[in-house]
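What the coordinates show
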2 protein chains.
Amino acid sequence: MTPIITAFASSPDRGRGLARDMRVRWALEEIGQPYDVRLLSFAEIKQPAHLARHPFGQIPTWEQGELVLFESGAIILHLAEQHHGLLPADPDARIRAISWMFAALNTVEPPVAERSTASLFERDKPWYADRMQTLDERVRQRLRQLSARLGDADWLEGHFSAGDLLMVSVLLRLQTSGLIEEHPTIASYVARGQARPAYLRAFEAQRAVFLQAESERAKTS
Amino acid sequence: MTPIITAFASSPDRGRGLARDMRVRWALEEIGQPYDVRLLSFAEIKQPAHLARHPFGQIPTWEQGELVLFESGAIILHLAEQHHGLLPADPDARIRAISWMFAALNTVEPPVAERSTASLFERDKPWYADRMQTLDERVRQRLRQLSARLGDADWLEGHFSAGDLLMVSVLLRLQTSGLIEEHPTIASYVARGQARPAYLRAFEAQRAVFLQAESERAKTS
């Protein structure tokens, strides 16, 4: 049965691959699993039909038969458990790669997201410059630590894993910040993720949704 | 081989069970797994010996034989995979409980942590009141959504799971905020977690570390 994921009908990132459905699309492309997409408006994600899928009214979700899941980390872990290619087979290497999944989402993403939120919603506040300096420093600390661990390796634990998929996805949120470029090894790491054929297919798929929505808006206006 | 976790020699929460070793201690108590604790000073967690365990210089970590893990979410998932009692046996129920683990860490904890950070470090800033209102509202939104999903159930997915363990642990960070009390069902849910014998044993174990450190400080001062 073809699984169904949810995504924004009109993504606030304008198809730049930053909405969280991109993470699940990328994982699905890595394992070669076809999928359908249910597109939702901003109004629809807060309505009961979607809250039944996702208690916090977010995207993406996952539906396959009776199983409904939310949280991209959990959906990707589920895919990794059902298919080869996202986690190592060796038990120790597998759980280490899972550590990187949690690290991406719980240690690196929070300061990255806080910085993005501030740059979107606090730009006109009198405290903006002062706060941004603090937030940049919090992100820089994580990048220094990540860079120290990564060294000149291609991926975080030997081969590409779901840990890299999530870490690269989180780092891409810093794209326009200039912070990634301070660490050439991290810049290469992110570029390596973006060069994967599965990433490129997922990127094109989410971008097509945005372009389609734009073209329909143009027709009706 | 007895596993070793790391914790702060002198926890900034003064033994109130809010440092992240508490989450792993609680999980260890739920499954009845004895463990040793390596206590680290604030200086030690940033040094190479600990950075080898935890690339981001945090606690807790997990060592057992050759396996070294970081991120409490990953450590708890590892324990849940090795022992009964932290995740349901049914595959669908299991991955749904894992969704709650990720939701606790990636959807609920970020606004809770951001609020804690602001209340610790921005109290004297001119923008404090204005920002705190925004941060409270972000937390309130998550609590409303969580409360709507929880309803009058005891736990998030039928029986107690690692998803509840992490969610209750995250919610405990709001203890002094007054926000939990706005939702009696969430207040009961948190209290139900805190009443578990395993929680109580873990709480006493981390508190004993703090009391011991205090008593040594008293002797040497």
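Report on the accompanying structure. Not measured: the values here are computed from a predicted model.

**Considerations on the interface of chain A and chain B**
Residue-level contacts link 50 residues of chain A with 50 residues of chain B. Counting each side, the surface lost to burial between chain A and chain B is near 4100 Å², with a carbon and sulfur contribution of 58%. On the chain A side of the contact with chain B, A:Phe56, A:Phe102 and A:Asn106 bury the most area, a combined 18% of that side's loss. Counting across the chain A and chain B interface gives four salt bridges. As a salt-bridge pair, A:Glu122 and B:Arg131 come within 3.8 Å of each other at their nearest N and O atoms.

**Concerning the packing of aromatic side chains**
Residues and elements named next belong to chain A. Throughout the structure, instances matching the rule amount to 20 aromatic pairs over all chains. Geometrically, the ring pair formed by tryptophan 155 and phenylalanine 160 is edge-to-face, given 5.0 Å between the ring centres and 80 degrees between the ring planes. Since its relative accessible area comes to 9%, tryptophan 155 is described here as buried. Its relative accessible area of 10% is what places phenylalanine 160 among the buried residues. Directly above the ring of phenylalanine 160 sits arginine 196, whose terminal nitrogen or CZ lies 3.6 Å from the centroid.

**Observations concerning the nonpolar core**
By size, the foremost hydrophobic cluster in this structure holds 114 residues, and its most contacted members are A:Met167, A:Leu171, B:Met167 and B:Leu171. Leaving out residues up to four positions away in the same chain, A:Leu171 has contacts with A:Val108, A:Leu143, A:Leu146, A:Ile180, A:Ile186, A:Tyr189 and A:Val190.

**Looking at the pattern of salt bridges**
Counted under the stated rule, the structure contains 42 salt bridges over all chains. Measuring nitrogen to oxygen at the nearest pair gives 2.4 Å for the salt bridge that ties A:Glu214 to A:Arg217. Here A:Glu214 and its partner A:Arg217 are both found in helix α8 (residues 197–220), three residues apart, which amounts to about one turn of the helix. Looking at A:Glu214, the relative accessible area reads 27%, which means it is partly exposed. Each of the salt bridges in this network shares a partner with another, and the network as a whole consists of A:Glu114, A:Glu122, A:Arg131, A:Arg138, B:Glu114, B:Glu122, B:Arg131 and B:Arg138.

About the cut-offs
- Position numbers for residues count from 1 along each chain, tracking the sequence in the order it is written.
- Labels follow written order: the first chain is A, the first ligand is 1, and so on.
- Side-chain atom pairs in this predicted model are given and counted only at pLDDT of 80 or more, local residue features only at pLDDT of at least 70, and totals for whole chains, interfaces and linings cover all residues.
- With hydrogens and water set aside, each side-chain value is computed from the structure's full complement of heavy atoms.
- Contacts are assigned to residue pairs with any non-hydrogen atoms lying within 4.5 Å of each other.
- Accessible area, probed at 1.4 Å, shrinks when two parts are joined; the buried area is that loss added up over both.
- For salt bridges, the criterion is a side-chain nitrogen of Lys or Arg within 4 Å of an Asp or Glu carboxyl oxygen.
- Aromatic rings from Phe, Tyr and Trp, with only the six-membered ring used for Trp, were paired whenever their centres fell within 6.5 Å, and each pair was classed as stacked if the ring planes differed by under 30 degrees, edge-to-face if by over 60, and tilted otherwise.
- We call a residue buried when its accessible area falls under 20% of the maximum for its residue type, exposed when it is over 50%, and partly exposed in between, using a 1.4 Å probe and counting protein chains only.
- Comment: the charge-over-ring label is applied if NZ (Lys) or CZ (Arg) is within 6 Å of the ring centre and within 35 degrees of the ring normal.
- The set of buried Ala, Val, Leu, Ile, Met, Phe, Trp, Tyr and Cys residues whose side-chain atoms join them within 4.5 Å is what this entry labels a nonpolar core.
- Strands here are runs of E lasting at least two residues and helices are runs of H or I lasting at least four, both read from the DSSP assignment and numbered beginning at the N terminus.

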